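Take a look at the letters that make up each chain.
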Amino acid sequence: MITDELIRAYDRDGAILLRGVFDDWIETIEAGIARNLEDPGPYASENAVKDGEGRFFDDYCNWTRIPEFEMMVRESCAGEIAARVMGSGTARFFHDHVLVKESGTFMATPWHQDAPYYFVDSAQTVSMWIPVDAVYSASLRLIAGSHRWKRMVRPVSWADDSDFYDQGNAGDWIPVPNPDVSPEDMRVLEWRMEPGDAVLFHFRTLHGARGNPGSQRRRVLSLRWFGDDARFVSRPGRTSPPFPGHGMTDGEQLREDWFPVIWRAENT
């Protein structure tokens with residue numbers, strides 16, 4: 001399924017679309033999302049929306065307590081796909097992330113890169129954005145080639161656009177761009193998707209998502225992976241996810257008891 005052409009496209013654009021790759025897992029993912037909504041974890045968030053304008057729920061790091069998510073991680077082809085796209089001999093699992101936009105939720109997901117929020121330094125990374133509902137208007141949007149930018153985009157709080165970290169290191173980041181203001185400067189990747197499709201994108205790929213003004217909810221499970229070269233890097237503040245008590249130091253390989261190898265190539 002992962003052809004040389006797709007690998008080249010991922011390396012060039014930082015994002016690709018796979019059609020129907022998780023068709024057999026939709027019911028499992030749906031059940032897991034339903035369980036997560038009924039029993040949110042400690043990091044669950046009700047993102048700020050205007051009164052009467054829907055609901056934007058997200059939660060992460062629940063895969064070890066939600067059996068459907070653990071089945072998806074350990075038993076599906078996701079790990080092998082991740083390794084092949086990353087060009088890695090192994091696929092190690094970082095975390096799960098559920099995102100639910102109910103119908104009538106006009107709030108867009110802000111433009112951001114995931115990497116600045118993480119304590120992972122790696123060229124071998126991939127996020128899998130897997131909807132269990134048809135996505136026609138509330139679509140994921142990505143900026144082609146942004147994973148190759150020399151500096152990363154300033155991480156901000158989704159709630160109020162404030163700085164996620166202390167501003168003492170402001171020179172390390174570039175301002176959050178708005179591709180809709182100057183579309184000629186950036187190529188936006190955006191696809192209509194069916195349940196079972198998946199967008200794969202690099203942790204450093206700039207992305208956001210449209211609001212959901214339609215009549216159908218939009219439920220997504222995102223799975224985050226990294227490869228052989230991943231090392232811990234400290235950030236100027238609390239990361240997201242925070243993983244308190246991890247005990248790792250700069251340059252150290254991420255601990256395998258928390259971030260297990262799910263797939264390994266033969267003779268690796």
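Now for a quick tour of the structure. Because the structure is predicted, anything quoted here is derived from the model rather than measured.

## Here's the deal with the overall build of the protein
1) Next: Of the regular secondary structure elements, the protein holds four helices and 16 strands.
2) Next: At 18 Å, the protein has a C-alpha radius of gyration in line with the 18 Å of a compact globule built from 268 residues.
3) Next: If one aligns the C-alpha atoms of the protein with their principal axes, the spans along those axes are about 55 × 45 × 40 Å.
4) Next: Of all intrachain contacts in the protein linking residues separated by at least 6 positions in sequence, the fraction that spans at least 24 positions is 82%.
5) Next: Total accessible area computed for the protein in this model is approximately 12,000 Å², and 46% of it derives from carbon and sulfur atoms.
6) Next: Computing the positive centroid from 29 side-chain charges and the negative centroid from 42, the protein places the two 3 Å apart.

## Examining the layout of surface pockets
1) Next: In this structure, the largest pocket occupies an estimated 580 Å³ of space.
2) Next: Surrounding the largest pocket, 32 residues form its lining, Asp58, Tyr60, His97, Trp158 and Ser240 being those nearest its centre.
3) Next: Elements that contribute at least two residues to the lining of the largest pocket include exactly strand 2 (45–47), strand 3 (56–60), strand 4 (90–101), strand 5 (109–112), strand 13 (207–209) and strand 14 (218–226).
4) Next: By volume, the second largest pocket amounts to about 360 Å³.
5) Next: Listing elements by their share of the lining of the second largest pocket, those giving two or more residues are helix 1 (4–13), helix 4 (78–86) and strand 6 (120–121).
6) Next: The leading source of residues in the lining of the second largest pocket is helix 1, at three residues.
7) Next: When grouped by side-chain class, the residues that make up the lining of the second largest pocket number 10 nonpolar, six polar and five charged.

## Regarding helix 3 (residues 67–75)
1) Next: Glu68, Phe69, Met72 and Val73 are the residues of helix 3 that are buried. The buried side chains of helix 3 occupy one side of the element, clustering within an arc of 135° when seen end-on.
2) Next: On its buried side, helix 3 packs onto helix 2 (26–38), strand 4, strand 7 (125–131), strand 14 and strand 16 (261–264).

## What to know about helix 2
1) Next: The end-to-end C-alpha distance of helix 2, which contains 13 residues, comes to 18 Å, matching closely the 18 Å that a straight helix rising 1.5 Å per residue would cover.
2) Next: The set of residues buried in helix 2 consists of Ile26, Thr28, Ile29, Gly32, Ile33, Asn36 and Leu37.
3) Next: In the core, the buried residues of helix 2 are packed alongside strand 3, helix 3, strand 4, strand 7 and strand 14.

## Structural notes on the nonpolar core
1) Next: If you look at the biggest cluster of nonpolar residues, it comprises 37 residues, and the most contacted ones within it are Phe22, Met128, Leu200, Leu223 and Trp225.
2) Next: Sorting elements by how many residues they give to this core places helix 4 first, with six residues.
3) Next: Listed in part, the 18 residues of the second largest apolar core include Ala115, Tyr118, Val120 and Phe232.

## Side note on the sheet that holds strand 11 (residues 188–190)
1) Next: With respect to topology, four strands assemble into an open sheet ordered 5-13-8-11, the strand pairing being antiparallel. Unpaired on one side and paired on the other, strand 5 and strand 11 mark the two borders of the sheet. The mean inter-strand angle of the sheet, taken between neighbouring strand axes irrespective of direction, is 20°.
2) Next: As defined by bridge partners, strand 8 (residues 140–143) adjoins strand 13 across three bridges and the pair is classed as antiparallel. Its bridge partner being in strand 13, Arg141 is matched across the sheet by Gly208.

## Points about the pairing of strand 8
1) Next: Every second residue of strand 8 is oriented toward a common face, with Leu140 and Leu142 on one face and Arg141 and Ile143 on the other, all of them buried.
2) Next: Two elements, strand 8 and strand 11, share three bridges in a ladder whose sense is antiparallel. Residue pairing across strands places Ile143 opposite Val188, the latter belonging to strand 11.

## Considerations on the pattern of salt bridges
1) Next: Taken as a whole, this structure holds 18 salt bridges when the rule is applied.
2) Next: Among the salt bridges present, the one from Glu70 reaches Arg74, with a minimum N-O distance of 2.9 Å. In this pair, Glu70 and Arg74 both sit in helix 3, four residues apart, roughly one turn of the helix.
3) Next: Note on Glu70: relative accessible area 25%, which makes it partly exposed.
4) Next: The class of Arg74 is partly exposed, set by a relative accessible area of 45%.

Parameters and conventions
Residues numbered from 1 in each chain as written. Predicted model: local features only at pLDDT ≥ 70, side-chain atom pairs only at ≥ 80, totals over all residues. Heavy atoms only, no water. Helix = DSSP H or I, 4+ residues; strand = E, 2+ residues; numbered from the N terminus. Rg over C-alpha atoms; globule rule 2.2 N^0.38 Å. Contact = heavy atoms within 4.5 Å. Areas by Shrake-Rupley, 256 points an atom, 1.4 Å probe, with all protein chains shown as cover. Lys, Arg positive; Asp, Glu negative; His and termini not counted. Charge placed at Lys NZ, Arg CZ, Asp CG, Glu CD. 1 Å grid on protein atoms, 1.4 Å probe; cavity = no way out; pocket = protein on both sides within 12 Å on 5 of 7 lines; lining within 4 Å. Points joined across faces, edges and corners; volume = space filled by probe spheres on them. Nonpolar A, V, L, I, M, F, W, Y, C, P; charged D, E, K, R; others polar. Buried < 20%, exposed > 50% of the residue type's maximum accessible area, 1.4 Å probe, protein only. Arc of directions from axis to C-beta. Expected span 1.5 Å × (residues − 1). Core = buried A, V, L, I, M, F, W, Y, C linked by side-chain atoms within 4.5 Å. Pairing = 2+ DSSP bridges. Axes fitted to C-alpha atoms, helices over the stretch in contact; angles between N-to-C directions. Salt bridge = Lys/Arg side-chain N within 4 Å of Asp/Glu carboxyl O.

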